[in-house]
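# Notes for the structure review
Here are the chains, one letter per residue:
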Amino acid sequence: MSTLCPVLQPPTLTKMPESLTAFSLDDIMLLCEATGIPTPSFRWVKDGKKVNWMGHNGSGNFTAHGDKPLSDYQGHYRCYADNTLGTAMTHTVKLITESTPTLPKQKRSHKTAEEGASVVLHCNPPRSSTIPHIHWMDKKLLHIGQSERVTTGLDGNLYFANVLKNDSRDDYTCNAQYISARTILPKEPISLTVTPSNDVARGRKPQLMQPQGPHSSHLALRGHSLVLECIPKGLPTPSVLWKRMDVNLSETGAWTDNHGRWLRFDSITQKADGEYECLASNTHGSVTHSYTVTVEAEPYWVKEPPSLLYSPGETVRLDCQADGIPTPTVTWSINGDVILSVDIDPRRRVTGGVLVLKDVVFGDTAVYQCEATNKHGNILKNTYIYVIELPAQILSSDGVVYQVTEGGVARLHCEAFGSPRPQVTWESEDLQNTLLSDSRVSQLTNGTLELFNSSREDSGVYTCSITHNNTSITAHLEVLKRTVMLIGPQAVQVTRGGDSWLDCHFTFDPHLNRPQILWRKDGQKIMESSLGDKAAFVYVCVCVCTCVCVCMYVCVSLLQPAPSLSKPPLSLTPLSLEPLSPAACPSPPVFLSLSEEQDHNLTLSWTPGNTHNSPTTEFVVEVKEEKHPEGKWESHRVTGDVNHLELHLLPYSTYRFRVSGVNRLGRSDPSEISEAYSTLPTVPETYPLNVRSESTEPGTLVIMWEEIDRRLYNGSGFQYKVSWRQVQEHHWSHTHVPHPPYLVNGTRAFSSYEMKVQAVNSLGEGPHPVPVIGHSGEDYPLASPSKISVSVDNSSAIVRWQPVDTHTVQGHLLGYKVTTTTEIKGGRWVVEVDGNKTKEVVTGLKLYSLYELSMTTFNRKGEGPHSPTHPFRTPEGVPGPPASLDFESPSETELTLHWRPPTQPNGQLVGYVLQYQQISDSRNSPPQVEVIYDPTVTHLPLEGLDPHSRYVFYLRGRTSAGQGPPITRECATLLDGVPPSNISTVVGERSVNLSWVPGDRYRNHSFHIKYLSKTVGGKWEESEQVNTLQAFYSLTGLQPGTQYRLLITHGNYTHWEDEIQTTELRGVEGDFATQGWFIGLISAVVLLLLLLLVLCFIKRSKGGKYAVKDKEESQMDSEARPIKDETFGEYSDGDEKRSVSQPSLCVESKLGSDDSLAEYGDSVDIQFNEDGSFIGQYSGRGPAPTGNESSGPASPVNLDPPPPPIGPSFAGILDRTS
């Protein structure tokens, strides 16, 4: 295998299309470009049909052409790129076409609000598949200022948590910017007028304008953005606090935006999935809203198959793994055709995202597509298999000169190419010695020869050749002498005014010229010199000191290679020697040496550096293994009186060492790094662990194990020896592989094998492991359970069977699946049973239903075939309780019962049985029974009932199996209504509020309130019609400080009367309206207005005209002022409806209760519906006729109890003529 490309190349897509929305033909551009040899041709498919399209200039980009309308281009598109080696295709993209958004004809709107109230200015931009950007601006095209009080919502509306006087303006303009359509649509300006209000001082409790309700749910896709919105209203402006219910908000990646009103997620992740809460609060209270955020994901790649070259006869395994939420399905195609539609090839097997192709031939060259799809989208990967044989050749240049300093690592390159992949070998001039037998030499998989710890003797010519081929190249290696510091600057201490001399002597390789000497003081360059080609020299730096000083001087030799060399300039590490100072850290140790290696152990010794008047307390020995890239410095510590350390080294490794000294003032710099030391190779000392079978396909055995650390290879040519044999066989099969896994083909399904994996290298085999047992891949079971029998017991079925033969399972028997189906909706369910069982009880069956039952065997691979179906029927049973039971009361002695049939008849209904009984405080009357033989009857009238008693009713359904459980209700008839008598009055200056509690069982009754002023000449007056269910009435139009007599009659007698006196009118001291100056001022204003009217009339009579626009705006202003009064308090229709409701007289008891009738002797009037909720108002009730009870039938159910009167109702005030 190789990743290099030959002369011919299958098509490879370089540009892919994306879904887009087009507003014109010019917007349509779907990219599709590919490379390949020969050059690919392109074709497009729209909605599954080929598009008549002509490419140009070798590009597959799709653009609009011809005279077709824009709408004809809408659809789903896919591009194909073909050449002689295969077909690559893109994923499916969607092209949406729509016209450019436009604004309909608009009218200018006006809004008026009191100071402190909340206001919403609506934008309502035209609908489009692309979301517009909303900008609220004024007539000067300046943005409206945004803050916590004034916010633009996600819907584009402008929200005011509370308005101020300076919010009044007439140019609030919403501009909708459609970027894709290159259009900005300004709407008509909105005028907002804020009027003063005394409510500002009282404030307002926070409420949410967006979102609505207490909870909302949001679905987001992984990697996309999400914004949660929380816009409150209130006075003062509420503050908003966001929090995550279970973890810290910062861990979710969310951040607040739009002045805290938005919680934004950019590129959302799975960590953001959970519950959130927004808390809006001010000094008057708080309000919360909870959010459920669900994060799902479009398909994304976990593992992508590479495009590779293969030789004939190889086995190809393409692994394509994708993930997403929900889990995506993976399909494979060849040259754009789904594999299921291709002729079945026994060499090919597809399992989920894995495609295996055995014994490839030249005809298998093609482009394979792996596509992962879930409900959120799809992704597609093109990968090609190129089966080819190419002659071997060496790509690296011949005659290259490589330079390295002594002790360095030399790398000689020899990159080869061919199919099958060629093997290369290296030889040196000294043919007596094999290169790879030297522990310092290793050959990489790409053909490069690595030589560690190089010496002058390694210089020479090396030859790289291809096995079984005459192709070869040569490489020249030059090992240069290391630059050595002979005498470096020494630490000195001088008195003020004295002189000091710092020396710098070194030698270097003659092939390097133009040395430069660089001196640094405390890190700063002070002097530089070039001395030509001198090999050794002395440079003197004179420092005149004016005081006792301690300075750090560094002498650095900067060397360059000779220009005659063919390689680039060689960068050498600068050499430096740092001075010592009194009472300082110790100097680095010197003269590191190594003893002879014995059993991979050796002793490192060193000479301690200058202690600087502070004894060395310990040494830090650092060891680094350099042959493997994961090597790093490892520390060992010894006491300060020891100058050696015994080390255990790994075989076939290269080490370097350095030592540091430590005293009370700190740690010294490390010593110079030692020369590279390479240990001898040996056979592996361990074997792979966790050997196991990961077989998933029948006919294959996949042997897997944990790889050994590269540092434990102990030599070159490391491989794994894999051995296997079928259990009870004697012969082992072997192979050598460089890495796991190893695939054994041609096995039987779920056969037992012994397996072992051994480590080997060029010197021999490692220790022998203990074999482990594994199995080849499972296959689907071949048989289902036999001798299945079903016995029915009411709503349960007892299933018995005979187990399957273990040889037919073809895997681990996980159990059986019992599948039960019926024709009713949702009537299929599966019960999984343990494989050791031969009996199972299937419960939860519907009575009087026909079922079919079948069984399958399943293992880890899946289910086997279904057994023959076994039909059975459940018996008829008693029905469930009727679905509902309602009442109507036509008169005081009559009730009509209405019901709905049982939702679970469990058979054929043959009728109903009704039992009812009078409930009294002393004892219960005998029960009455009504038998209904017609199952279609759903109502029954009852007459002759006691109007002063309550009744309990039991209604049951009947089938041939008997009576079912009852639905139980309590009820009583309704009594004729009368006016209220227990009336409370609250007296004002010009009105009196009357309130009462309506009777529980009385019908609505209409009456009038008569009132007489007890002043001279007072006459009886009568109020408008009042209903008893109102529970409240305000009698207005009275005179302050006056005594009145109130009277309600019923029939020919007085039902209720009372006397009241209205309160005195409270005057204002020093009323300025009676002052002379005020009267004069008003008179002057009136005269001025009359004069202006006369002048306007004269101008109009002479032909003067007003501007049309002013006239229209004047009319609109007058029409825009609705007559309303918001000073009466918060009144709504709902309040009025609640005020006329009446409590229910019927109570639902528990369904299916078996309580005796005697238990209802002392029943409590608890008012519930049949579903357990409180009963609402009477169904079918209309307004009561004047002066009498309603004559039509009224239902005694569904009545709400009236709330206690808490304030006056203004219905009478608004309807009454003054």
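Residues numbered from 1 in each chain as written. Predicted model: local features only at pLDDT ≥ 70, side-chain atom pairs only at ≥ 80, totals over all residues. Heavy atoms only, no water.

### Focus on the overall build of the chain
The number of helices and strands found in the chain is 4 helices and 93 strands. By the burial criterion, 42% of the 1218 residues in the chain qualify as buried. Long-range contacts, defined here as pairs at least 24 residues apart, represent 65% of the contacts in the chain between residues at least 6 apart. If you sum the accessible surface of the chain, you get close to 65800 Å²; carbon and sulfur atoms cover 52% of it. (Helix = DSSP H or I, 4+ residues; strand = E, 2+ residues; numbered from the N terminus. Buried < 20%, exposed > 50% of the residue type's maximum accessible area, 1.4 Å probe, protein only. Contact = heavy atoms within 4.5 Å. Areas by Shrake-Rupley, 256 points an atom, 1.4 Å probe, with all protein chains shown as cover.)

### Focus on the side chain of Glu 754
Locating Glu 754 in the fold gives a position in strand β66 (residues 752-761). Setting aside its immediate chain neighbours within four residues, Glu 754 contacts Ser 723, Trp 724, Arg 725, Val 727, Trp 732, Pro 771, Val 772 and Ile 773.

### Things to note about the environment of Thr 294
Here Thr 294 lies in strand β27 (residues 285-303). As a C-alpha pair, Thr 294 and His 218 span 76 residues in sequence and 6.2 Å in three-dimensional space. Look past the residues within four positions of Thr 294 in its chain and what remains in contact with it is His 218, Leu 219, Ala 220 and Asp 273.

### Let's talk about the sheet that holds strand β76 (residues 882-888)
Here 3 strands make up an open sheet; going across it, the order is β76-β77-β80 and the pairing antiparallel. Among the strands making up the open sheet, the edge pair consists of β76 and β80 (939-942). Strand-to-strand, the axes of this sheet are offset by a mean angle of 20 degrees, without reference to chain direction. By the bridge criterion, 6 bridges tie β76 to strand β77 (residues 895-902) in an arrangement that is antiparallel. Within β77, the position partnered with Leu 885 by the bridge is Trp 899. (Pairing = 2+ DSSP bridges. Axes fitted to C-alpha atoms, helices over the stretch in contact; angles between N-to-C directions.)

### Some details on the nonpolar core
Among soluble globular proteins, nonpolar side chains are generally buried collectively. Within the largest apolar cluster, 26 residues are counted, with the highest numbers of intra-cluster contacts made by Ile 28, Phe 42, Trp 44, Phe 62 and Tyr 77. When residues of this core are traced back to their parent elements, those giving at least two are β5 (41-46), β8 (75-83), β10 (93-97) and β36 (377-387). Per-element accounting of this core gives the leading share, 3 residues, to β8. By size, the runner-up hydrophobic cluster in this structure holds 20 residues, among which are Ile 394, Ala 416, Val 424 and Ala 475. (Core = buried A, V, L, I, M, F, W, Y, C linked by side-chain atoms within 4.5 Å.)

### With respect to the state of the cysteines
One pass over the structure, following the stated rule, counts 5 disulfides. Between Cys 32 and Cys 79 runs a disulfide, and the two sulfur atoms are separated by 2.0 Å. Linking Cys 32 and Cys 79, the disulfide has an S-S dihedral of approximately -75 degrees and is accordingly described as left-handed. Within this pair, whereas Cys 32 is found in the loop between β3 (29-30) and β4 (33-37), its partner Cys 79 is found in strand β8, the two being separated by 47 residues in sequence. For the pair Cys 32 and Cys 79, one class covers both residues: buried. (Disulfide = S-S within 2.5 Å.)

### A few points about the sheet that holds strand β85 (residues 991-995)
Taken in spatial order, the 3 strands make up an open sheet running β84-β85-β90, and their pairing is antiparallel. Strand pairing shows two members of the sheet lacking a second neighbour, β84 (984-987) and β90 (1032-1036), which therefore form its edges. Across the sheet, the mean angle separating the axes of adjacent strands is 20 degrees when strand polarity is ignored. Bridge count for β84 against β85 is 4 bridges, and the pairing is antiparallel. Looking at β85, one finds that Thr 985 is bridged to Leu 994.

### Some details on the packing of aromatic side chains
Per the stated rule, a full pass over the model turns up 23 aromatic pairs. Between Trp 44 and Tyr 77 the ring centres are 6.5 Å apart and the planes differ by 75 degrees, which places this aromatic pair in the edge-to-face class. Taken together, the residues Trp 44 in strand β5 and Tyr 77 in strand β8 connect sequence positions 33 residues apart. You can call Trp 44 buried: its relative accessible area is 0%. Note on Phe 62 and Tyr 77: the rings are 5.3 Å apart at their centroids and 50 degrees apart in plane angle, and the pair reads as tilted. Of the two residues, Phe 62 is situated in strand β7 (residues 62-63) and Tyr 77 in strand β8; the sequence distance between them amounts to 15 residues. Connected via pairs of aromatic rings, a cluster forms that spans Trp 44, Phe 62, Tyr 73 and Tyr 77. (Phe/Tyr/Trp six-rings, centres within 6.5 Å; stacked < 30°, edge-to-face > 60°.)

### Describing a nonpolar patch on the surface
Together, Trp 1077, Leu 1081, Val 1085, Leu 1088, Leu 1089, Leu 1091, Leu 1092, Val 1094, Leu 1095, Phe 1097 and Ile 1098 make up an exposed nonpolar region whose accessible area comes to about 1100 Å². Secondary-structure assignment places Ile 1098 in helix α1 (residues 1076-1101). (Patch = residues over 30% accessible without salt bridge, like charges linked within 9 Å, V, L, I, M, F, W, Y side chains within 5 Å. Salt bridge = Lys/Arg side-chain N within 4 Å of Asp/Glu carboxyl O.)

### Some points on the pattern of salt bridges
Within the structure shown, the criterion is met by 34 salt bridges. Lys 375 serves as the salt-bridge partner of Glu 296, at 3.6 Å between the closest nitrogen and oxygen. Placement of Glu 296 in strand β27 and of Lys 375 in the loop between β35 (366-374) and β36 is noted, with a sequence separation of 79 residues between them. For Lys 303, the salt bridge identified is with Asp 319, shortest N-O distance 3.4 Å. With Lys 303 in strand β27 and Asp 319 in strand β29 (residues 316-319), this residue pair connects regions lying 16 residues apart in the sequence. Residues joined by salt bridges that share partners form a network here, namely Asp 138, Arg 169 and Asp 171.

### Description of the side chain of Thr 1028
Mapped onto the secondary structure, Thr 1028 falls in the loop between β89 (1026-1027) and β90. In this structure Thr 1028 comes out as buried when scored by relative accessible area, which is 7%.

### Some words on unusual backbone geometry
Following Ile 325, the chain continues into Pro 326 via a peptide bond in cis, with omega recorded as 0 degrees. Relative to the helices and strands, Pro 326 resides in the loop between β30 (321-325) and β31 (329-334). Notably, Asn 124 is not glycine yet its phi reads approximately 50 degrees, a positive angle. The backbone of Gln 728 shows a phi angle near 75 degrees, a positive value even though the residue is not glycine. Counting through the fold element by element, Gln 728 comes out in the loop between β63 (719-726) and β64 (733-737).

### Thoughts on the environment of Val 841
Tracing the chain through its elements places Val 841 in strand β73 (residues 839-842). Taking the relative accessible area as the measure of exposure, Val 841 reaches 38% and is therefore partly exposed. As for Val 841 and Ala 797, which are separated by 44 residues in sequence, their C-alpha atoms are 5.7 Å apart.

### Describing the confidence of the model for the chain
Confidence in the prediction of the chain, expressed as mean pLDDT, is 80, and 81% of residues score 70 or more. Strand β51 (residues 541-544) is the least confidently modelled element of the chain, averaging 33 in pLDDT, while strand β15 (residues 158-160) averages 95, the highest of any element. Note that pLDDT drops below 50 for residues 530-552; the model gives that stretch 61 contacts with residues more than four away or on any other chain. (pLDDT = per-residue confidence, 0-100.)

### A word on the pairing of strand β54 (residues 601-607)
Where burial is concerned, the two faces of β54 differ: the one with Leu 602, Leu 604 and Trp 606 is buried and the one with Asn 601, Thr 603, Ser 605 and Thr 607 is not. Judged from the 3 bridges that link them, strand β53 (residues 590-594) and β54 form a sheet pairing that is antiparallel. By the bridge assignment for β54, Val 590 is matched with Thr 607. Linking β53 to β54, which pair antiparallel, is a turn of 6 residues; within it Asp 599 sits at a positive phi near 55 degrees. In terms of strand pairing, β54 meets strand β57 (residues 644-648) through 5 bridges, oriented antiparallel. Residue pairing across strands places Leu 602 opposite Leu 647, the latter belonging to β57.

### Points about the environment of Gly 957
Mapped onto the elements of the fold, Gly 957 is located in strand β81 (residues 950-959). Sequence-wise, Gly 957 and Ile 932 are 25 residues apart; in three dimensions their C-alpha atoms are separated by 9.5 Å. Among all residues touching Gly 957, those that are not within four sequence positions of it are Pro 879, Pro 882, Gly 911, Tyr 912, Gly 962, Gln 963 and Gly 964.

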